[in-house]
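Examination of the molecular architecture
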Amino acid sequence: GSMTNGEAIRNGIYGDSDEFDADNAAKLQIGTDAANESFNIAGDFTNHGILDASRIESTTVTGSALNDGRAQYQDMTIGETASSTNNGYEKGENLTVEGSHVNTGTSIWNTVDVKQGGSMTSGEAIPEGDKKGNEEGFKPSATTQIGTDDKGEVFNVEGDVTNHGDLDAKKTETTLVA
């Protein structure tokens with residue numbers, strides 16, 4: 001099945017933009033802080049508005065998730081054959097990627113674990129002739145931030161990570177690349 005929160009984004013004003021109309025966006029809150037609540041995305045889920053799943057311990061994606069708006073999570077696991085695409089703003093505690101995670105907006109996590117066979121991409125491919133990240137005037141197409149200076153935060157890479165944007169993991173306690 002499929003589910004959509006809000007109307008399709010118009011004019012490229014995604015959830016990570018200052019122009020995003022949060023006051024008039026559709027709002028979906030999932031969970032009540034009760035034990036054993038979960039948010040399982042087995043089909044296609046699209047968020048064009050504001051999604052608050054931060055009261056649920058775990059969000060599991062075994063289908064496909066698309067966020068063009070703003071989304072808050074605690075923990076998210078993207079299964080082996082699943083995908084999650086963020087074009088807006090997303091934030092959470094722990095992200096585990098066994099399938100595919102693509103970010104072309106703003107993605108903020110305390111800990112990220114890209115498992116063997118999993119892939120994480122930050123930003124769109126940089127066209128030939130455009131400025132690269134080490135060149136003055138580079139404008140990243142995405143921001144991925146991992147870590148908040150808390151103890152125990154890890155950026156673990158056993159799978160594939162591709163960065164075309166701004167990937168900042170300097171606040172994690174540990175970065176491991178297998």
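Shown above is the structure to which this text applies.
All of the points below concern the structure found in this document. This one's a predicted model, so the numbers in the text were calculated from it and none came from an experiment. (Residues numbered from 1 in each chain as written. Predicted model: local features only at pLDDT ≥ 70, side-chain atom pairs only at ≥ 80, totals over all residues. Heavy atoms only, no water.)

**Quick notes on the overall build of the chain**
A count of helices and strands for the chain gives 0 helices and 17 strands. Relative to the compact-globule value of 16 Å for 178 residues, the chain shows a C-alpha radius of gyration of 16 Å, a close match. Seen along its three principal axes, the alpha-carbon backbone of the chain occupies a region of about 45 × 40 × 30 Å. The 178 residues of the chain split such that 39% are buried. Across the chain, contacts joining residues at least 24 apart in sequence account for 34% of those joining residues at least 6 apart. Here the chain displays about 9,500 Å² of accessible surface, and carbon together with sulfur accounts for 42% of that area. (Helix = DSSP H or I, 4+ residues; strand = E, 2+ residues; numbered from the N terminus. Rg over C-alpha atoms; globule rule 2.2 N^0.38 Å. Buried < 20%, exposed > 50% of the residue type's maximum accessible area, 1.4 Å probe, protein only. Contact = heavy atoms within 4.5 Å. Areas by Shrake-Rupley, 256 points an atom, 1.4 Å probe, with all protein chains shown as cover.)

**Here we look at unusual backbone geometry**
A positive phi angle, close to 75°, is found at Asp-33, a residue other than glycine. When you line up the elements, Asp-33 lands in the loop between β2 (27-29) and β3 (38-41). Among the residues examined, Asp-33 registers a relative accessible area of 57% and is labelled exposed. Positive phi is not limited to glycine here, since Asp-149 has a value of about 80°. Among the structural elements, Asp-149 can be located in the loop between β13 (143-146) and β14 (154-157). A relative accessible area of 57% means that Asp-149 is categorised as exposed.

**Some points on the pattern of salt bridges**
Overall, the coordinates contain 3 salt bridges when judged by the stated rule. As a salt-bridge pair, Asp-113 and Lys-115 come within 2.9 Å of each other at their nearest N and O atoms. Residue classification places Asp-113 among the buried positions, given a relative accessible area of 16%. (Salt bridge = Lys/Arg side-chain N within 4 Å of Asp/Glu carboxyl O.)

**Considering the environment of Ala-22**
Within the fold, Ala-22 resides in the loop between β1 (2-5) and β2. Expressed as a C-alpha distance, the spacing of Ala-22 and Arg-70, which sit 48 residues apart in the sequence, is 8.6 Å. Residues within four places of Ala-22 in sequence aside, it is in contact with Lys-27, Ile-50 and Arg-70.

**Re the side chain of His-48**
Mapped onto the elements, His-48 comes out in the loop between β4 (44-47) and β5 (50-61). The class of His-48 is buried, set by a relative accessible area of 12%. At 3.3 Å, the side chain of His-48 forms a polar contact with the side chain of Asp-68. Contact partners of His-48, with chain neighbours within four places excluded, come to Thr-4, Asn-5, Gly-6, Glu-7, Ala-8, Ile-9, Phe-20, Asp-68 and Gly-69. (Polar contact = N/O pair within 3.5 Å; in protein donor to acceptor, adjacent residues only side chain to side chain.)

**As for the nonpolar core**
As a rule of thumb, nonpolar side chains are buried together in soluble globular proteins. In this structure, Phe-39, Leu-51, Tyr-73, Met-76, Leu-95, Val-112 and Phe-155 are the most contacted members of the largest nonpolar core, which totals 24 residues. Once residues within four sequence positions are removed from consideration, Phe-155 is found in contact with Val-112, Met-120, Ile-146, Val-161, Leu-167, Ala-169, Thr-172, Thr-174, Thr-175 and Leu-176. (Core = buried A, V, L, I, M, F, W, Y, C linked by side-chain atoms within 4.5 Å.)

**Quick look at the environment of Lys-151**
Residue placement: Lys-151 occurs in the loop between β13 and β14. Using a relative accessible area of 74% as the deciding quantity, one classes Lys-151 as exposed. For the pair Lys-151 and Asn-163, spaced 12 residues apart in sequence, the C-alpha to C-alpha distance is 25 Å.

Without other data, these values stay purely geometric and don't point to any function.
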